[in-house]
Amino acid sequence: MKLSRTLLLIAPAALVIGIFMLIPMAIAVAYSFMTAGAYGGVTPPFSLEGYIQFLYQRDFDDSLVFSTDYIVIILRSLWLAVATTAICLALALPIAWYVVCQSEARRRVLLFVVTLPFWINTLIRTYCWILILRDEGVANQALRGLGVIGQPLPLLYNDGAILLGLVYTFLPFMVLPIYSTLERLDPRLVEAAYDLYADRMAVFRRIVWPLARPGAMVGSTLVFAPALGSFLAPDLLGGGKTLLIGSLIQMQFTSSRNWPFGAALSTAITVVILAVLLLQTRRTRMRELRP
(Lines give C-alpha, C1' and ligand atoms only; values in the text may rest on other atoms or scores of the structure.)
Protein backbone atom coordinates (compact mmCIF):
# COMPACT_ATOMS: atom_id res chain seq x y z
CA MET A 1 0.00 0.00 0.00
CA LYS A 2 2.78 2.42 0.93
CA LEU A 3 4.70 1.47 -2.21
CA SER A 4 1.71 2.23 -4.45
CA ARG A 5 1.22 5.61 -2.77
CA THR A 6 4.89 6.42 -3.27
CA LEU A 7 4.68 5.50 -6.94
CA LEU A 8 1.61 7.69 -7.38
CA LEU A 9 3.38 10.62 -5.73
CA ILE A 10 6.52 10.39 -7.87
CA ALA A 11 4.67 9.52 -11.10
CA PRO A 12 3.98 13.16 -12.18
CA ALA A 13 7.61 14.19 -11.62
CA ALA A 14 8.89 11.07 -13.39
CA LEU A 15 6.53 11.76 -16.31
CA VAL A 16 7.72 15.36 -16.65
CA ILE A 17 11.39 14.31 -16.45
CA GLY A 18 10.83 11.57 -19.01
CA ILE A 19 8.98 13.76 -21.52
CA PHE A 20 11.00 16.96 -21.25
CA MET A 21 14.47 15.61 -20.38
CA LEU A 22 15.08 11.94 -21.12
CA ILE A 23 13.26 11.73 -24.45
CA PRO A 24 14.91 14.89 -25.92
CA MET A 25 18.31 13.65 -24.72
CA ALA A 26 17.71 10.26 -26.33
CA ILE A 27 16.70 11.95 -29.59
CA ALA A 28 19.87 14.10 -29.52
CA VAL A 29 22.05 11.03 -28.95
CA ALA A 30 20.31 9.18 -31.78
CA TYR A 31 20.70 12.14 -34.16
CA SER A 32 24.40 12.39 -33.35
CA PHE A 33 24.95 8.92 -34.86
CA MET A 34 23.07 9.63 -38.10
CA THR A 35 23.97 11.23 -41.42
CA ALA A 36 23.25 14.89 -42.13
CA GLY A 37 20.51 15.53 -44.65
CA ALA A 38 21.16 17.65 -47.72
CA TYR A 39 18.74 20.37 -46.57
CA GLY A 40 18.86 19.80 -42.84
CA GLY A 41 17.56 17.04 -40.65
CA VAL A 42 19.07 13.57 -40.55
CA THR A 43 18.94 10.42 -42.64
CA PRO A 44 18.96 6.84 -41.28
CA PRO A 45 22.43 5.53 -42.27
CA PHE A 46 24.58 5.10 -39.16
CA SER A 47 27.57 7.44 -39.09
CA LEU A 48 30.24 8.73 -36.71
CA GLU A 49 30.74 11.87 -38.78
CA GLY A 50 29.25 14.07 -36.08
CA TYR A 51 31.95 13.00 -33.62
CA ILE A 52 34.75 12.88 -36.19
CA GLN A 53 34.20 16.60 -36.82
CA PHE A 54 35.46 17.36 -33.33
CA LEU A 55 39.02 16.75 -34.55
CA TYR A 56 38.86 16.39 -38.32
CA GLN A 57 37.41 18.20 -41.33
CA ARG A 58 36.74 16.92 -44.83
CA ASP A 59 39.08 18.18 -47.53
CA PHE A 60 38.12 18.74 -51.18
CA ASP A 61 39.03 15.14 -52.01
CA ASP A 62 36.93 13.91 -49.03
CA SER A 63 40.03 13.03 -47.01
CA LEU A 64 40.22 13.78 -43.29
CA VAL A 65 42.38 16.72 -42.22
CA PHE A 66 43.22 17.27 -38.55
CA SER A 67 41.82 20.53 -37.22
CA THR A 68 41.74 22.06 -33.73
CA ASP A 69 39.15 24.76 -34.52
CA TYR A 70 36.30 23.13 -32.62
CA ILE A 71 38.55 22.04 -29.75
CA VAL A 72 39.58 25.69 -29.30
CA ILE A 73 35.90 26.69 -29.18
CA ILE A 74 35.13 23.99 -26.60
CA LEU A 75 38.12 24.93 -24.42
CA ARG A 76 37.19 28.62 -24.65
CA SER A 77 33.65 27.77 -23.57
CA LEU A 78 34.93 25.69 -20.65
CA TRP A 79 37.27 28.48 -19.57
CA LEU A 80 34.52 31.10 -19.60
CA ALA A 81 32.14 28.76 -17.75
CA VAL A 82 34.75 28.05 -15.06
CA ALA A 83 35.65 31.75 -14.80
CA THR A 84 31.97 32.66 -14.51
CA THR A 85 31.50 30.09 -11.75
CA ALA A 86 34.58 31.29 -9.83
CA ILE A 87 33.61 34.98 -10.05
CA CYS A 88 30.01 34.25 -9.06
CA LEU A 89 31.25 32.28 -6.06
CA ALA A 90 33.61 35.08 -5.00
CA LEU A 91 30.80 37.63 -5.24
CA ALA A 92 27.97 35.48 -3.86
CA LEU A 93 29.67 34.52 -0.59
CA PRO A 94 29.92 38.05 0.85
CA ILE A 95 26.51 38.97 -0.58
CA ALA A 96 24.82 35.95 1.02
CA TRP A 97 26.65 36.52 4.31
CA TYR A 98 25.62 40.18 4.36
CA VAL A 99 21.97 39.25 3.76
CA VAL A 100 22.08 36.62 6.52
CA CYS A 101 23.44 39.18 9.01
CA GLN A 102 20.49 41.56 8.47
CA SER A 103 17.15 41.72 10.25
CA GLU A 104 14.19 39.74 8.95
CA ALA A 105 12.59 42.77 7.27
CA ARG A 106 15.82 43.80 5.53
CA ARG A 107 16.42 40.22 4.44
CA ARG A 108 13.15 40.19 2.53
CA VAL A 109 14.05 43.44 0.78
CA LEU A 110 17.56 42.27 -0.12
CA LEU A 111 16.32 38.91 -1.38
CA PHE A 112 13.81 40.77 -3.52
CA VAL A 113 16.68 42.80 -5.00
CA VAL A 114 18.68 39.62 -5.68
CA THR A 115 15.77 37.93 -7.46
CA LEU A 116 14.60 41.08 -9.26
CA PRO A 117 16.54 40.27 -12.49
CA PHE A 118 14.43 37.11 -12.84
CA TRP A 119 11.41 39.35 -13.43
CA ILE A 120 12.97 40.83 -16.58
CA ASN A 121 13.58 38.98 -19.82
CA THR A 122 17.21 37.90 -20.29
CA LEU A 123 17.27 39.34 -23.81
CA ILE A 124 16.26 42.78 -22.55
CA ARG A 125 18.84 42.68 -19.75
CA THR A 126 21.58 41.71 -22.20
CA TYR A 127 20.64 44.54 -24.56
CA CYS A 128 20.89 46.94 -21.62
CA TRP A 129 24.54 45.93 -21.22
CA ILE A 130 25.10 46.82 -24.87
CA LEU A 131 23.76 50.31 -24.16
CA ILE A 132 26.11 50.57 -21.18
CA LEU A 133 29.29 49.17 -22.79
CA ARG A 134 29.17 50.48 -26.37
CA ASP A 135 31.49 53.27 -27.53
CA GLU A 136 28.86 55.93 -26.90
CA GLY A 137 27.38 54.09 -23.93
CA VAL A 138 26.96 55.06 -20.33
CA ALA A 139 30.34 53.70 -19.16
CA ASN A 140 32.45 55.48 -21.78
CA GLN A 141 30.46 58.69 -21.45
CA ALA A 142 30.98 58.68 -17.68
CA LEU A 143 34.72 58.10 -18.04
CA ARG A 144 34.93 60.89 -20.62
CA GLY A 145 33.01 63.24 -18.36
CA LEU A 146 35.46 62.54 -15.53
CA GLY A 147 38.39 63.18 -17.85
CA VAL A 148 39.78 59.67 -17.40
CA ILE A 149 39.84 58.84 -21.11
CA GLY A 150 39.93 60.79 -24.35
CA GLN A 151 38.84 58.01 -26.69
CA PRO A 152 36.18 55.36 -25.97
CA LEU A 153 37.45 52.11 -24.51
CA PRO A 154 36.64 48.84 -26.36
CA LEU A 155 34.37 47.51 -23.63
CA LEU A 156 32.03 45.63 -25.96
CA TYR A 157 32.42 42.67 -28.31
CA ASN A 158 35.20 40.86 -26.48
CA ASP A 159 35.66 38.05 -23.93
CA GLY A 160 35.45 40.50 -21.03
CA ALA A 161 32.00 41.67 -22.10
CA ILE A 162 30.85 38.06 -22.49
CA LEU A 163 32.17 37.18 -19.04
CA LEU A 164 30.44 40.21 -17.53
CA GLY A 165 27.14 39.22 -19.13
CA LEU A 166 27.43 35.63 -17.92
CA VAL A 167 28.27 36.68 -14.36
CA TYR A 168 25.39 39.16 -14.28
CA THR A 169 22.96 36.57 -15.62
CA PHE A 170 23.87 33.68 -13.34
CA LEU A 171 24.96 35.40 -10.10
CA PRO A 172 21.54 34.94 -8.40
CA PHE A 173 21.82 31.19 -9.00
CA MET A 174 24.88 31.23 -6.74
CA VAL A 175 23.62 33.66 -4.11
CA LEU A 176 20.37 31.88 -3.28
CA PRO A 177 21.77 28.37 -2.54
CA ILE A 178 24.55 29.83 -0.37
CA TYR A 179 22.04 32.01 1.47
CA SER A 180 19.77 29.04 2.11
CA THR A 181 22.61 27.18 3.86
CA LEU A 182 23.97 30.17 5.79
CA GLU A 183 20.47 31.05 6.97
CA ARG A 184 20.62 28.06 9.30
CA LEU A 185 23.87 29.24 10.89
CA ASP A 186 23.61 29.73 14.66
CA PRO A 187 25.07 33.22 15.32
CA ARG A 188 26.24 32.02 18.72
CA LEU A 189 28.93 29.95 16.97
CA VAL A 190 30.43 33.11 15.49
CA GLU A 191 30.19 34.91 18.83
CA ALA A 192 31.92 32.00 20.56
CA ALA A 193 34.71 32.03 17.97
CA TYR A 194 35.34 35.72 18.56
CA ASP A 195 35.27 35.14 22.32
CA LEU A 196 38.06 32.58 21.77
CA TYR A 197 40.13 35.28 19.99
CA ALA A 198 39.59 33.97 16.48
CA ASP A 199 40.12 36.53 13.72
CA ARG A 200 37.77 37.04 10.79
CA MET A 201 39.69 34.72 8.49
CA ALA A 202 39.62 31.94 11.07
CA VAL A 203 35.88 32.41 11.59
CA PHE A 204 35.29 32.22 7.84
CA ARG A 205 37.57 29.20 7.39
CA ARG A 206 36.41 27.17 10.38
CA ILE A 207 32.72 28.12 10.71
CA VAL A 208 31.23 30.03 7.78
CA TRP A 209 32.79 28.18 4.85
CA PRO A 210 32.08 24.60 6.09
CA LEU A 211 28.42 25.55 6.45
CA ALA A 212 28.29 27.44 3.15
CA ARG A 213 30.12 24.74 1.16
CA PRO A 214 27.05 22.60 0.31
CA GLY A 215 25.24 25.67 -1.03
CA ALA A 216 28.37 26.72 -2.91
CA MET A 217 28.60 23.30 -4.56
CA VAL A 218 24.94 23.44 -5.62
CA GLY A 219 25.34 27.02 -6.83
CA SER A 220 28.47 26.13 -8.80
CA THR A 221 26.54 23.45 -10.64
CA LEU A 222 23.61 25.78 -11.31
CA VAL A 223 26.01 28.38 -12.74
CA PHE A 224 28.47 26.16 -14.62
CA ALA A 225 25.88 24.09 -16.49
CA PRO A 226 23.93 26.94 -18.18
CA ALA A 227 27.06 29.10 -18.62
CA LEU A 228 28.72 26.32 -20.62
CA GLY A 229 25.88 26.18 -23.13
CA SER A 230 24.86 29.85 -23.13
CA PHE A 231 24.61 31.51 -26.54
CA LEU A 232 22.64 34.72 -25.92
CA ALA A 233 25.40 36.66 -24.11
CA PRO A 234 28.17 35.47 -26.47
CA ASP A 235 26.14 36.43 -29.54
CA LEU A 236 25.06 39.86 -28.32
CA LEU A 237 27.96 40.97 -26.11
CA GLY A 238 30.58 39.16 -28.17
CA GLY A 239 29.23 40.50 -31.45
CA GLY A 240 29.71 37.13 -33.12
CA LYS A 241 33.50 37.56 -32.93
CA THR A 242 33.95 34.98 -30.17
CA LEU A 243 32.27 31.69 -30.99
CA LEU A 244 31.30 29.52 -28.02
CA ILE A 245 29.85 26.05 -27.94
CA GLY A 246 26.28 27.24 -27.39
CA SER A 247 26.44 29.50 -30.44
CA LEU A 248 28.11 26.70 -32.40
CA ILE A 249 25.27 24.30 -31.62
CA GLN A 250 22.67 26.88 -32.57
CA MET A 251 24.52 27.48 -35.84
CA GLN A 252 24.63 23.76 -36.69
CA PHE A 253 20.85 23.42 -36.37
CA THR A 254 20.09 26.59 -38.36
CA SER A 255 22.46 28.02 -40.96
CA SER A 256 24.89 25.08 -41.27
CA ARG A 257 22.10 22.46 -41.30
CA ASN A 258 24.42 19.87 -39.79
CA TRP A 259 22.13 18.31 -37.23
CA PRO A 260 24.34 15.29 -36.36
CA PHE A 261 27.26 17.54 -35.43
CA GLY A 262 24.99 19.84 -33.42
CA ALA A 263 23.53 16.81 -31.64
CA ALA A 264 27.05 15.48 -30.98
CA LEU A 265 28.04 18.81 -29.42
CA SER A 266 24.88 18.79 -27.28
CA THR A 267 25.66 15.24 -26.16
CA ALA A 268 29.21 16.25 -25.28
CA ILE A 269 27.96 19.13 -23.12
CA THR A 270 25.50 16.81 -21.39
CA VAL A 271 28.26 14.28 -20.66
CA VAL A 272 30.51 17.01 -19.20
CA ILE A 273 27.72 18.34 -16.97
CA LEU A 274 26.77 14.84 -15.80
CA ALA A 275 30.44 14.13 -15.03
CA VAL A 276 30.60 17.30 -12.92
CA LEU A 277 27.42 16.29 -11.07
CA LEU A 278 28.70 12.76 -10.44
CA LEU A 279 32.04 14.09 -9.21
CA GLN A 280 30.28 16.52 -6.88
CA THR A 281 28.00 13.77 -5.55
CA ARG A 282 30.95 11.46 -4.96
CA ARG A 283 32.95 14.11 -3.11
CA THR A 284 29.93 14.96 -0.97
CA ARG A 285 29.40 11.33 0.00
CA MET A 286 33.09 10.84 0.80
CA ARG A 287 33.04 13.95 2.96
CA GLU A 288 29.98 12.70 4.83
CA LEU A 289 31.63 9.32 5.46
CA ARG A 290 34.71 10.88 7.02
CA PRO A 291 34.79 10.57 10.81
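Shown above is the structure to which this text applies.
Residues numbered from 1 in each chain as written. Predicted model: local features only at pLDDT ≥ 70, side-chain atom pairs only at ≥ 80, totals over all residues. Heavy atoms only, no water.

J.: Mind showing me how you'd approach the pattern of salt bridges here?
T.: Proximity of charged atoms lets side chains of opposite charge pair with each other. With the rule as written, the count across this model stands at two salt bridges. The partner of R144 in a salt bridge is E136, with the nearest N and O atoms 4.0 Å apart. Residue E136 is classed as partly exposed on the basis of its relative accessible area, which comes to 46%. (Salt bridge = Lys/Arg side-chain N within 4 Å of Asp/Glu carboxyl O. Buried < 20%, exposed > 50% of the residue type's maximum accessible area, 1.4 Å probe, protein only.)

J.: It is not clear to me how a nonpolar patch on the surface should be interpreted in this structure. Could you clarify?
T.: On the surface, a cluster of nonpolar side chains totalling about 1100 Å² of accessible area is made up of L15, V16, I17, I19, F20, M21, L22, I23, M25, I27, L274 and L277. Going through the elements one at a time, helix 1 (2-32) and helix 12 (259-289) are the ones with two or more residues in the nonpolar patch. Tallying contributions element by element places helix 1 first for the nonpolar patch, with 10 residues. Note that M21 resides in helix 1. (Patch = residues over 30% accessible without salt bridge, like charges linked within 9 Å, V, L, I, M, F, W, Y side chains within 5 Å. Areas by Shrake-Rupley, 256 points an atom, 1.4 Å probe, with all protein chains shown as cover. Helix = DSSP H or I, 4+ residues; strand = E, 2+ residues; numbered from the N terminus.)

J.: How should the nonpolar core be read in this particular structure?
T.: With 55 residues, the main nonpolar core has I178, L182, L237 and L265 as its most contacted residues. Put simply, the parts of the chain that give this core at least two residues each are helix 3 (69-100), helix 5 (122-133), helix 7 (159-182), helix 8 (187-195), helix 9 (200-229), helix 10 (232-237), helix 11 (245-253) and helix 12. (Core = buried A, V, L, I, M, F, W, Y, C linked by side-chain atoms within 4.5 Å.)

J.: When you look at the packing of helix 7 against helix 9 in this model, what are you seeing that I'm missing?
T.: Pairs of packed helices are described in terms of their axes, by the angle between the two and the distance that separates them. Closest axis-to-axis distance for the helix 7/helix 9 pair is 8 Å, and the angle between their directions is 155 degrees. Relative to helix 9, the element helix 7 is oriented roughly antiparallel. Handedness of the helix 7/helix 9 crossing: right-handed. By residue class, the composition of the contact of helix 7 with helix 9 is 16 nonpolar, four polar and no charged. (Axes fitted to C-alpha atoms, helices over the stretch in contact; angles between N-to-C directions. Parallel < 35°, antiparallel > 145°, perpendicular 65-115°, else oblique. Left-handed = near helix turned anticlockwise from the far one by under 90°. Nonpolar A, V, L, I, M, F, W, Y, C, P; charged D, E, K, R; others polar.)

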